[in-house]
Amino acid sequence: MTTATRTRVLDHPAREEIRLEGVLHALSDAVRLRIVRDMARAGTELSCSFFDLPVTKSTTTHHFRVLRESGVIQQDYQGTAKLNALRRDDLDALFPGLLDSILAAADAQSARLDG
């Protein structure tokens, strides 16, 4: 008896399908911005379980879906884990300086509010 292996593939927009308004919408939420900041700092793929977010699991899933569908992140399954990577190359090519500016502004705001 053989078992068919099904690869789970998630839909992602192609680079040319990523739109500025979708990226800005995705990054306008504090939880999603926190996810992106953590990913940018790590500079590597992170599993969903890496993130300690102040929301329910279903809400976390929603936030990752918004980031993926807007083209901000790439999600791929590795076994049972879903790995998340920032699509920095695509975002930098389409919107030069945008991601760096948003991350710098978020860091400045965090320092101001925490300080």
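Here, residues in each chain are numbered from 1, in the same order as that chain's written sequence. Local features in a predicted model are, by the rule used here, given only for residues with pLDDT of at least 70; side-chain atom pairs are given and counted only at 80 or more, and totals for whole chains, interfaces and linings are based on all residues. Hydrogens and waters are ignored; side-chain quantities use all the structure's heavy atoms.

Enquirer: Break down the overall build of the protein for me, with residues and values.
Expert: Where helices and strands are cited, they refer to DSSP runs of H or I of at least four residues and of E of at least two residues respectively, numbered from the N terminus. The secondary structure content of the protein amounts to five helices and three strands. Walking the protein from its N terminus toward its C terminus, one meets helices and strands in the order α-α-β-α-β-β-α-α. Seen through its C-alpha atoms, the protein measures out along the principal axes to roughly 60 × 35 × 20 Å. Partly exposed describes any residue whose relative accessible area lies between the buried limit of under 20% and the exposed limit of over 50%, with all areas from a 1.4 Å probe on protein chains only and scaled to the type maximum. Counting across all 115 residues of the protein, residues that qualify as buried make up 35%. In the protein, the share of contacts with a sequence separation of at least 24, taken over all contacts with a separation of at least 6, comes to 65%. Whether two residues are in contact is decided by their heavy atoms: any pair within 4.5 Å suffices.

Enquirer: Let's hear about the pairing of strand β2 (residues 73-78): which residues, and what values?
Expert: Paired strands, in this sense, are two strands between which DSSP finds at least two bridges. Where β2 meets strand β3 (residues 81-86), six bridges bridge the pair, whose relative direction is antiparallel. The partner of isoleucine 73 across the bridge, within β3, is leucine 86.

Enquirer: How would you summarise the sheet that holds β3 if you had to cite specific residues and measurements?
Expert: Judged by pairing direction, the sheet is antiparallel, and its three strands sit side by side in the order β1-β3-β2 without closing on themselves. Pairing within the sheet leaves two strands with one partner each, and these edge strands are β1 (46-47) and β2. As judged from the two bridges shared by β1 and β3, these two strands associate in the antiparallel manner. Counted as the bridge partner of serine 47 is leucine 83 from β3. Axes, fitted as lines to C-alpha atoms, cover a helix only where it is in contact. Angles between the N-to-C directions of the axes lie from 0 to 180 degrees. Sheet contacts for helix α2 (residues 30-42): β1, β2 and β3; angle to β3, the most-contacted strand, approximately 80°.

Enquirer: Describe in detail the environment of arginine 68, supporting the description with residues and values.
Expert: Along the chain, arginine 68 turns up in helix α3 (residues 57-70). Classification of arginine 68 by relative accessible area gives buried; the value is 9%. Linking arginine 68 and serine 58, residues 10 residues apart in sequence, is a C-alpha distance of 15 Å. Residues within four places of arginine 68 in sequence aside, it is in contact with Leu10, Asp11, His12, Pro13, Ile73 and Gln75. Pairing of N or O atoms within 3.5 Å defines a polar contact, subject to two protein rules: one partner must be a possible hydrogen donor and the other a possible acceptor, and residues neighboring in sequence count only if both atoms are side-chain atoms. A polar atom in the side chain of arginine 68 sits 2.8 Å from the backbone oxygen of aspartate 11.

Enquirer: Residues and numbers for the packing of α2 against helix α5 (residues 98-114), please.
Expert: Contact pair α2 / α5: the axes reach a minimum separation of 11 Å and the direction vectors enclose 105°. Judged by the angle between their axes, α2 and α5 are roughly perpendicular. Contacts between α2 and α5 involve Leu33, Val36, Arg37, Ala40 and Arg41 from the former and Leu99, Ile102, Leu103, Ala106, Asp107 and Ser110 from the latter. For this scheme, ten residues count as nonpolar: Ala, Val, Leu, Ile, Met, Phe, Trp, Tyr, Cys and Pro. Four count as charged, namely Asp, Glu, Lys and Arg, and the remainder, Gly too, count as polar. When grouped by side-chain class, the residues that make up the contact of α2 with α5 number seven nonpolar, one polar and three charged. For classification purposes, angles smaller than 35 degrees are called roughly parallel, those larger than 145 roughly antiparallel, those between 65 and 115 roughly perpendicular, and all remaining angles oblique.

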